[in-house]
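Structure assessment
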Amino acid sequence: LHPRPAHTPSQGETTAEMGKAKKQVLDDDDAVFAQRAVELKDEAQKLKDGRHFAKAASAYQQCIELVGASNPVAADLFAAKSQCHLALRHWADVVADATRALKISPKNVDALVSRARAYLATGQEKKAKADASAAHATDGTDDAAKALLESFEPKKPVEGLGGMSLDKPSKKKAGAQQAEAEAAEEELRKKQAALILEQRREAEARRQAQQRSWGPPVTVKAVAGADVRTFVVPTMIAHKDLMSALQKKFPDASAFTVRYSAPDGTLKPISSRHDFAAAVAAAQGGDNKGKPAANVYGGLHPVRLIISELTRLDAPACEDDAATGAEGAEGGSTSGQQLAPNEVVEIDEWILDFAALFREHLGVDAEAHLDLHAEGLDKCNHALEPNVSLEAADGVLDDASKKFQEAAALALFNWGNVHMCAARKAMDGGRDPPLEEGGPPGAAVATADNRDEVINRLDEAKSRYEAALVVKPDFHDATIALAQRRYERARLLCAAAGLSGAGDKAEANADSDEAEAEFSGACSDFDAVLAILPEDPPKPEPTEKKEPEKEPEKEGEEEEAEQPSMRAQVQVMWGNTLFEQSQMRARLGKEWRPLLDVAVEKFKGAGCAEADIEQALKVHRGVRAEKA
């Protein structure tokens, strides 16, 4: 599970069958999505031909979402969508979709022509001419690009019929014609300006509608001594996100409290979303009550927050802290007092070790999804800044969407990890006895006493991992976890077949056959995962330079081990699967040695220590049976 350091085979983890490498098969869901995308593209083209441009644009957007916005196929879809918006005179949308198409395919003629016409309609003649020239240079036979480029060339006046000289129009008549042309051009400019203004109003309305889920934006003025920082956040911001934003604004403050001035003049702490909402309400009351927030973004009066570092004795105290301090003075306790500048709070090492062990066993990164959520919210806040253009905000919001997508996938993945841990706990049968008194521990043993519970837990984990892949199809951790789940299920089936733990040879049955299939399936899954994982970067070659003398290590300190790569972890899991499958086959009297040899190759490929591999071989049931 993720992120999980590679374990040595002596830890006894079970894993699935080996088998030769197989080609990756197209997932059924991917085939369904691809077929649906083709149907939507055909439907959009029919709607476009029938001049139902709004519905056609919607159908193209659905098709883009199915194939992926970064897929090379999406370039033509964005270009076709921009043509629909061009027919609807939605100039801003034309430019946005055409630009997306050109990011994928810079020489897309349809996108260049559509964007050039939108630029021309909005008075941006230089940009329009540049796009028209690029389109004609890409495909000189394209009639639309050629006609558009010719429209920029000045037309020579015809002075006679068939080239014969005729009388020139009088100066008075020529002046009248020029005045009419200038008036028509001025009228066109006014219409274009009004259209652009209307489009900006529509975009602002869409942006405000999107903000409603976050609440109206409010300006925060954070005061830390003489330092004042200003930024904009949604009124419904979570407390964790507010503290993250303040930490970024005051990076030198290691620990601090946040307070606001209540209507009665007292300073109250902010420890929840409700407290921040109360601070916003307090900022709109008092002297500001009934007064409009003129020239303030969001239409709300700024919220003033007081930042007090915990290591400062002169930091303003709130009522709760004062009461706690008074009680501590009476009872001799100092728990409610603030820390002196040089005072250090020590945490017992066993607490930190236990927390690290818990995270490692559970396979959950406790703060990864929070970091992704904070990054996504920061990008949203940046997009809401008044000085950010509409096009720039669109790109920033796309990045924010990807962050929230990854956070959602990671949350579902961790949810599945919890069910996997519960399944392991329910089928934990301890370990085999050591080879001799005082010898190394044996392999892990599974039991089928709680078979129904374990199966339910494994099914729940599978549904969460698959849901994570629906949210983010390239989420490799969930793919690896699905293969590891098959390995755990094979362990359960081995226990149900009476093949777990010490014992003599046994006969094959339905459970052992199903376990064999699960082992084989897990090996195929690990093979497919390795095929799509990026290669590990080459390790730097050691230099012969003399290293400076190191300070002697303190007692109890251990040098931090290098974390294995994801490819190494997969190889260890694959090796464990083959190792456990070979043990099962040894109990059934089948050929097991080739599987064990391949398992050893996987362990060596992952960088496992030779001593650990040798120790694992000593506790292998087949090896022990040969020596007996």
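Not measured: the values here are computed from a predicted model.

A word on the environment of Leu47
Topologically, Leu47 is positioned in helix H1 (residues 28-49). Under the relative-accessibility criterion, Leu47 is labelled buried at 18%. Sequence separation between Leu47 and Ala57 is ten residues; the distance between their C-alpha atoms is 8.9 Å. Not counting residues within four places of it along the chain, the set of residues in contact with Leu47 comprises His52, Lys55, Ala56 and Ala59.

Notes on the sheet that holds strand E2 (residues 227-234)
On the basis of which strands lie adjacent, the open sheet formed by five strands has the order E2-E1-E5-E3-E4 and mixed pairing. On the outer flanks of this sheet lie E2 and strand E4 (267-269), each paired with one strand and no other. When strand polarity is set aside, the average angle formed by the axes of neighbouring strands in this sheet is 35 degrees. Strand direction decides the pairing type here: strand E1 (residues 217-224) and strand E5 (residues 303-309), joined by four bridges, are parallel. Within E5, the residue paired with Lys221 across the bridge is Arg304. In the packing of helix H10 (residues 273-284) onto the sheet, contacts are made with E1, E2, strand E3 (256-261), E4 and E5, and the angle to E3 comes to roughly 35 degrees.

Quick notes on the packing of aromatic side chains
The final tally for this structure, using the stated rule, is two aromatic pairs. With a centroid separation of 5.6 Å and 90 degrees between ring planes, the pair formed by Phe413 and Phe475 is classed as edge-to-face. With Phe413 in helix H14 (residues 390-426) and Phe475 in the loop between helix H15 (451-471) and helix H16 (476-496), the pair connects residues that are 62 residues apart, well separated along the chain. For Phe413, a relative accessible area of 0% puts it in the buried group. Among the aromatic residues, those joined into a ring-pair cluster are Phe413, Tyr465 and Phe475. Sitting above the plane of the Trp415 ring, Arg464 keeps its charged end 4.0 Å from the centroid. Over the ring of Trp574 we find Lys602; its NZ or CZ atom is 3.8 Å from the centre of that ring.

Comments concerning the confidence of the model for the chain
Any residue range with low pLDDT should be treated as having predicted coordinates unsuitable for detailed reading. Averaged over the chain, the pLDDT score is 75; the fraction of residues at 70 or greater is 68%. Per-element mean pLDDT across the chain ranges from 42 in helix H11 (residues 319-331) up to 91 in helix H3 (residues 74-87). Predicted confidence is poor over residues 158-167, with pLDDT under 50, and the contacts of this stretch with residues over four places away or in other chains come to six contacts.

Brief notes about the environment of Asp227
Looking at the secondary structure, you find Asp227 in strand E2. On the basis of relative accessibility, which here comes to 28%, the residue Asp227 falls in the partly exposed class. Along the sequence, Asp227 and Phe250 sit 23 residues apart, while their C-alpha atoms lie 9.1 Å from each other. In this view, Asp227 contacts Ala222 and Phe250; residues no more than four positions away in its chain are not counted. Reaching out from Asp227, the side chain makes a polar contact with the side chain of Arg229 at a distance of 2.9 Å.

Overview of the pattern of salt bridges
Inspection of the entire model under this criterion finds 18 salt bridges. We note a salt bridge from Asp511 to Arg451, for which the minimum N-O separation is 3.2 Å. Of this pair, Asp511 sits in helix H17 (residues 510-532) while Arg451 sits in helix H15, and the two are 60 residues apart along the sequence. When its relative accessible area of 28% is taken as the criterion, Arg451 is described as partly exposed. Of the charged contacts in the structure, one is a salt bridge between Asp459 and Arg485, with a shortest N-O distance of 3.5 Å. Note that Asp459 is positioned in helix H15 and Arg485 in helix H16, a separation of 26 residues in sequence. The exposure class of Asp459 is partly exposed, given its relative accessible area of 39%. Relative accessible area serves as the criterion here: at 8%, Arg485 is assigned to the buried category.

Details of the packing of H15 against H16
Contact geometry for H15 and H16: axes closest at 9 Å, N-to-C directions at 165 degrees. With respect to H16, the axis of H15 lies roughly antiparallel. Here the hand of the crossing between H15 and H16 comes out left-handed. Listed contacts from H16 to Arg451, Val454, Ile455, Leu458, Asp459, Lys462, Tyr465, Glu466, Ala468 and Leu469 of H15 are Ala478, Thr479, Ala481, Leu482, Arg485, Glu488, Arg489, Leu492, Leu493 and Ala496. Class assignment of the residues belonging to the contact of H15 with H16 gives a composition of twelve nonpolar, one polar and seven charged.

Section: the nonpolar core
Core analysis: the biggest nonpolar cluster contains 39 residues, and Tyr60, Cys84, Ala111, Val113, Ala135 and Leu148 have the highest contact counts within it. Secondary structure elements with two or more residues in this core: H1, helix H2 (53-67), H3, helix H4 (91-104), helix H5 (109-121), helix H6 (125-138) and helix H7 (143-150). The element contributing the most residues to this core is H5, with eight residues. When neighbours within four sequence positions are excluded, Leu148 is seen to be in contact with Val113, Ala116, Arg117, Leu120 and Ala132. Within the second largest apolar cluster, 28 residues are counted, among which are Val570, Val572, Phe579 and Trp592.

The rules we used
Here the residue numbering is sequential within each chain, running from 1 through the sequence in written order. Where totals are concerned, whole chains, interfaces and linings use all residues; where local detail is concerned, this predicted model gives features only for residues with pLDDT of at least 70, and gives and counts side-chain atom pairs only at 80 or more. Computation of side-chain values: all heavy atoms of the structure, hydrogens and water removed. By definition, any uninterrupted DSSP run of H or I lasting at least four residues is a helix, any uninterrupted run of E lasting at least two residues is a strand, and each is numbered from the N terminus. With a 1.4 Å probe rolled over the protein chains alone, any residue whose accessible area is under 20% of its type maximum counts as buried; one over 50% counts as exposed, and the rest are partly exposed. Throughout, a contact is declared for two residues whenever any of their heavy atoms are within 4.5 Å. For two strands to pair, DSSP has to find at least two bridges joining them. Axis definition: a line fitted to C-alpha atoms, over the contacting stretch in the case of helices. Angles run 0 to 180 degrees between N-to-C directions. Ring pairs shown here join Phe, Tyr and Trp side chains whose ring centres sit within 6.5 Å, with only the six-membered ring taken for Trp; geometry is labelled stacked below 30 degrees between planes, edge-to-face above 60, and tilted in between. Whether a charge lies above a ring is judged from NZ of Lys or CZ of Arg, which has to be within 6 Å of the ring centre and within 35 degrees of the ring normal. Values of pLDDT, which run from 0 to 100, indicate the predictor's confidence residue by residue. Pairs of N or O atoms within 3.5 Å make up the polar contacts considered here, provided that, within protein, one atom can donate a hydrogen while the other can accept it, and that residues adjacent in sequence are counted only when both atoms are side-chain atoms. Salt bridge, as applied in this entry: a Lys or Arg side-chain nitrogen positioned within 4 Å of an Asp or Glu carboxyl oxygen. Throughout this description, any angle smaller than 35 degrees is read as roughly parallel, any larger than 145 degrees as roughly antiparallel, any in the 65 to 115 degree range as roughly perpendicular, and the remainder as oblique. Throughout, a crossing is termed right-handed when the near helix is turned clockwise from the far one, and left-handed when it is turned anticlockwise from it by less than a right angle. Gly falls in the polar group here, along with every residue not listed as nonpolar (Ala, Val, Leu, Ile, Met, Phe, Trp, Tyr, Cys, Pro) or charged (Asp, Glu, Lys, Arg). Residues belong to a common nonpolar core when they are buried Ala, Val, Leu, Ile, Met, Phe, Trp, Tyr or Cys residues joined through side-chain atoms within 4.5 Å.

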